[in-house]
Amino acid sequence: RSHARRQKGDLEGARADLDGAIQAEPTLVDAWVARGTERLNAGDLDGGIRDLGEAIRLAPGMAQARVYRALGRWQKEDREGALADLDAALETAPDDLHALATRGGMRLLGGDPRGARDDLDRLLQLDPGNWDALRHRARGRVAQGDREGAAADLREAVARSPAGSAERAEIEAELRRLQGE
């Protein structure tokens with residue numbers, strides 16, 4: 001019911017449903033995750049991080065809760081905590097695409113292009129058609145001085161991205177910039 005309310009734009013009602021679900025059944029992990037992500041999306045980073053922490057306490061192996069909490073921690077500039085959450089998520093679910101993509105992106109933003117590339121290489125082994133991972137890996141290659149490899153990744157990302165999409169146009173522009181056009 002919370003999901004249906006959220007889709008209709010009734011965010012207050014959706015939040016009330018989640019509050020009620022947690023009050024009625026405090027061990028309902030999915031409700032803690034849903035409320036935590038709702039709070040993060042609404043800008044209540046502390047509340048979202050707390051709720052996701054409770055979900056993790058109840059279900060320590062749930063990678064999804066750790067990924068979402070990492071996103072909240074990153075927004076609060078707790079880089080170390082965010083990466084620790086992602087490391088833990090990948091310990092329990094080493095092939096989790098969302099965790100690999102998120103950690104790869106955070107590593108890239110955090111100045112660790114080698115670590116980012118490791119994550120993105122693994123993600124592309126699991127999901128070879130992931131054009132967004134190719135685009136991010138290209139950025140890591142640029143940071144490491146591998147412009148040829150970056151151009152190859154961007155050409156492949158263009159080929160795999162949706163024709164006529166804004167994303168494809170952005171990748172094409174990035175490739176032109178890289179090639180000095």
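So, here is what we can say about the structure in this document.

Conventions we followed
- Residues numbered from 1 in each chain as written.
- Predicted model: local features only at pLDDT ≥ 70, side-chain atom pairs only at ≥ 80, totals over all residues.
- Heavy atoms only, no water.
- Core = buried A, V, L, I, M, F, W, Y, C linked by side-chain atoms within 4.5 Å.
- Buried < 20%, exposed > 50% of the residue type's maximum accessible area, 1.4 Å probe, protein only.
- Helix = DSSP H or I, 4+ residues; strand = E, 2+ residues; numbered from the N terminus.
- Salt bridge = Lys/Arg side-chain N within 4 Å of Asp/Glu carboxyl O.

## Side note on the nonpolar core
Across soluble globular proteins, nonpolar side chains have a tendency to be buried as a group.
Thinking step 1. Of all hydrophobic cores here, the largest spans 26 residues; its most connected members are Met 106, Leu 154 and Ile 171.
Thinking step 2. Secondary structure elements with two or more residues in this core: helix 5 (63-75), helix 6 (79-92), helix 7 (97-109), helix 8 (113-126), helix 9 (131-143), helix 10 (147-160) and helix 11 (166-178).
Thinking step 3. When residues in this core are grouped by element, the largest group, five residues, is from helix 10.
Thinking step 4. If you look at the next biggest cluster of nonpolar residues, it comprises 13 residues, including Ile 22, Val 33, Ile 56 and Met 62.

## Some points on unusual backbone geometry
Thinking step 1. Backbone geometry at Glu 77 places phi at a positive 65°, although glycine is not the residue there.
Thinking step 2. Looking at the secondary structure, you find Glu 77 in the loop between helix 5 and helix 6.
Thinking step 3. For Glu 77, a relative accessible area of 62% puts it in the exposed group.

## A look at the pattern of salt bridges
Thinking step 1. Counted by the stated rule, this structure contains 23 salt bridges.
Thinking step 2. Across the salt bridge formed by Arg 73 and Asp 78, the nearest N and O atoms sit 3.8 Å from each other.
Thinking step 3. Residues Asp 146 and Arg 141 are paired through a salt bridge, measuring 3.0 Å at the closest nitrogen-oxygen approach.
Thinking step 4. Through salt bridges with shared partners, a single network forms among Arg 117, Asp 121, Arg 137, Arg 141, Asp 146 and Asp 153.

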